[in-house]
Amino acid sequence: MLAYTVRRILVSIPVLVVSTFIVFLVVINSGDPVANFATSRQPAPSQAAVTAFARHIHANQPVMERYWNWITGVLHGDFGPSVQANLNIGHDLFTRFKVTITLVAAAMILALIMAVVFGVFSAIRQYSAADYTITFFGFLFLAMPVFWFAVLLKQAGIWFNQKTGSQFLGTIGEKSPYLEVDTTWNEFTDHVGHLILPTITLALVSFASWTRYTRASMLEVLNSDYVRLARAKGLRRGKVMTRHALRTALIPLATVTALDIAIILGGAVITETIFQWHGMGEMLVQAATTLDVYRTMAWLLLSAVVVIGFNLIADLLYAVLDPRIRYD
């Protein structure tokens, strides 16, 4: 298992390096921050100020030198200069990442639990009324655009607060700007209240597709020879389902979950924008509108690390769920 883990980690490193270089080329060619600096300010800055700005963001350096200086700086905790004065990109990135990862983790955990429960139940009760109901709602949530679903939930949260006379369901921001009684319990409930609607938005969209994968995989496993043999030997139904069928059926779900983490991060950008969270979504929007190259690269780098990290975790889960993989 250790050798398998080391091999997967070593394979992930060159993938990360190549992806950062390709994305760096795309980002630096997507706009000219120097020209934007020269034309967007009133009064227009002097040529000396424009030259100093270009030197500040390293726009006067060759592409390979810029990339090398940036990637080596990242290894020392320096994510490069921002177009905004006195903005520490590294501090800003990790402060916002803590906000976003809370939302993403909560959504993924909820979606995985629902996908396993409803997917397995749907497979066991194939072609029943419950199976058709789960399938209907799965396709319904799968067809819903994230931004539209988020707006609906936000309006539903506002309506609920008005009807109940409370502010439990937070619809703006990741937390309240102030609390009447600032205690640990009040802070916790305030965070939970603001987390509910965005989490439901991301979880239901992901749950829709993951349930279908779980159902299809479970049906395939239930019809396999070794499951029939386990039943013929007289093993309890629950033991057959959990130790023999479900364990194998989870492998495709682990794959699709790892691949969908990029989609979830993209959905988090939209969700955070609608609910006005100060997370990585807001950071990306601000960086893109101001043509902040290094701030955009910081966001993309951390996202690449998360995506590659989840794929690495999925590879390791394969070996846990199916020992034949690590033996090979």
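See the structure printed just above.
As a starting point, this report considers the structure included with it. (Residues numbered from 1 in each chain as written. Predicted model: local features only at pLDDT ≥ 70, side-chain atom pairs only at ≥ 80, totals over all residues. Heavy atoms only, no water.)

Describing the overall build of the chain
For step 1, the next point in the chain: If you tally the helices and strands in the chain, you get 13 helices and 0 strands.
For step 2, the next point in the chain: Written out in order from the N terminus, the α and β elements of the chain read α-α-α-α-α-α-α-α-α-α-α-α-α.
For step 3, the next point in the chain: Across the 328 residues of the chain, 42% fall into the buried class.
For step 4, the next point in the chain: Looking at the chain alone, contacts between residues at least 24 apart form 74% of all its contacts between residues at least 6 apart.
For step 5, the next point in the chain: Of the roughly 18,000 Å² of accessible surface on the chain, a fraction of 67% belongs to carbon and sulfur atoms.
For step 6, the next point in the chain: Between the averaged position of the 24 positive side-chain charges in the chain and that of its 19 negative side-chain charges there is a distance of 13 Å. (Helix = DSSP H or I, 4+ residues; strand = E, 2+ residues; numbered from the N terminus. Buried < 20%, exposed > 50% of the residue type's maximum accessible area, 1.4 Å probe, protein only. Contact = heavy atoms within 4.5 Å. Areas by Shrake-Rupley, 256 points an atom, 1.4 Å probe, with all protein chains shown as cover. Lys, Arg positive; Asp, Glu negative; His and termini not counted. Charge placed at Lys NZ, Arg CZ, Asp CG, Glu CD.)

Overview of the packing of helix α5 (residues 89–124) against helix α11 (residues 280–289)
To characterise two packed helices, one gives the angle between the axes of the helices and the distance between these axes.
For step 1, the next point in the chain: α11 packs onto α5 with a crossing angle of 135° between their chain directions and a minimal axis gap of 8 Å. The orientation of α5 relative to α11 falls into the category oblique. Between α5 and α11, the residues in contact are Ile89, Asp92, Leu93, Arg96, Phe97 and Thr100 and Met280, Gly281, Glu282, Met283 and Gln286, respectively. (Axes fitted to C-alpha atoms, helices over the stretch in contact; angles between N-to-C directions. Parallel < 35°, antiparallel > 145°, perpendicular 65-115°, else oblique.)

Overview of the pattern of salt bridges
For step 1, the next point in the chain: Summed over the entire model, instances satisfying the criterion amount to 5 salt bridges.
For step 2, the next point in the chain: With a shortest N-O distance of 2.9 Å, Arg96 and Asp92 are connected by a salt bridge. With Arg96 and Asp92 both in helix α5 and 4 residues apart, this pair spans about one turn of that helix. An identical accessibility class is assigned to Arg96 and Asp92; each is buried.
For step 3, the next point in the chain: We note a salt bridge from Glu282 to Arg96, for which the minimum N-O separation is 2.7 Å. Linking Glu282 in helix α11 with Arg96 in helix α5, this pair joins segments that are 186 residues apart in sequence.
For step 4, the next point in the chain: On the basis of relative accessible area, Glu282 is assigned to the partly exposed category, the value being 22%.
For step 5, the next point in the chain: Look at Arg96 and you get buried, because its relative accessible area is 11%.
For step 6, the next point in the chain: Beyond isolated ion pairs, a larger network of salt bridges with shared partners links Asp92, Arg96, Glu282 and Arg295. (Salt bridge = Lys/Arg side-chain N within 4 Å of Asp/Glu carboxyl O.)

Let's talk about the environment of Leu204
For step 1, the next point in the chain: Assignment of secondary structure puts Leu204 in helix α8 (residues 184–222).
For step 2, the next point in the chain: By relative accessible area, which is 13% here, Leu204 ends up buried.
For step 3, the next point in the chain: For the pair Leu204 and Gly138, spaced 66 residues apart in sequence, the C-alpha separation works out to 8.5 Å.
For step 4, the next point in the chain: If we skip the residues at most four places from it in the chain, Leu204 touches Met114, Phe141 and Phe149.

Some thoughts on the environment of Tyr318
For step 1, the next point in the chain: Relative to the assigned elements, Tyr318 resides in helix α12 (residues 293–321).
For step 2, the next point in the chain: Along the backbone, Tyr318 and Ser46 are 272 residues apart, and their C-alpha atoms lie at a distance of 59 Å.

Comments concerning the nonpolar core
Nonpolar side chains tend to gather and get buried jointly when the protein is soluble and globular.
For step 1, the next point in the chain: Grouped together as the largest cluster of nonpolar side chains are 34 residues, with contacts concentrated most on Val104, Phe141, Phe149 and Trp210.
For step 2, the next point in the chain: Elements represented by at least two residues in this core include exactly α5, α7 (146–164), α8 and α10 (237–275).
For step 3, the next point in the chain: It is α8 that provides the largest number of residues to this core, a total of 9 residues.
For step 4, the next point in the chain: With residues near it in sequence (within four places) discarded, Val104 still touches Ile261, Ile264, Leu265 and Ala268.
For step 5, the next point in the chain: Residues Val27, Ile71, Val293 and Leu301 belong to the second largest nonpolar core, which totals 20 residues. (Core = buried A, V, L, I, M, F, W, Y, C linked by side-chain atoms within 4.5 Å.)

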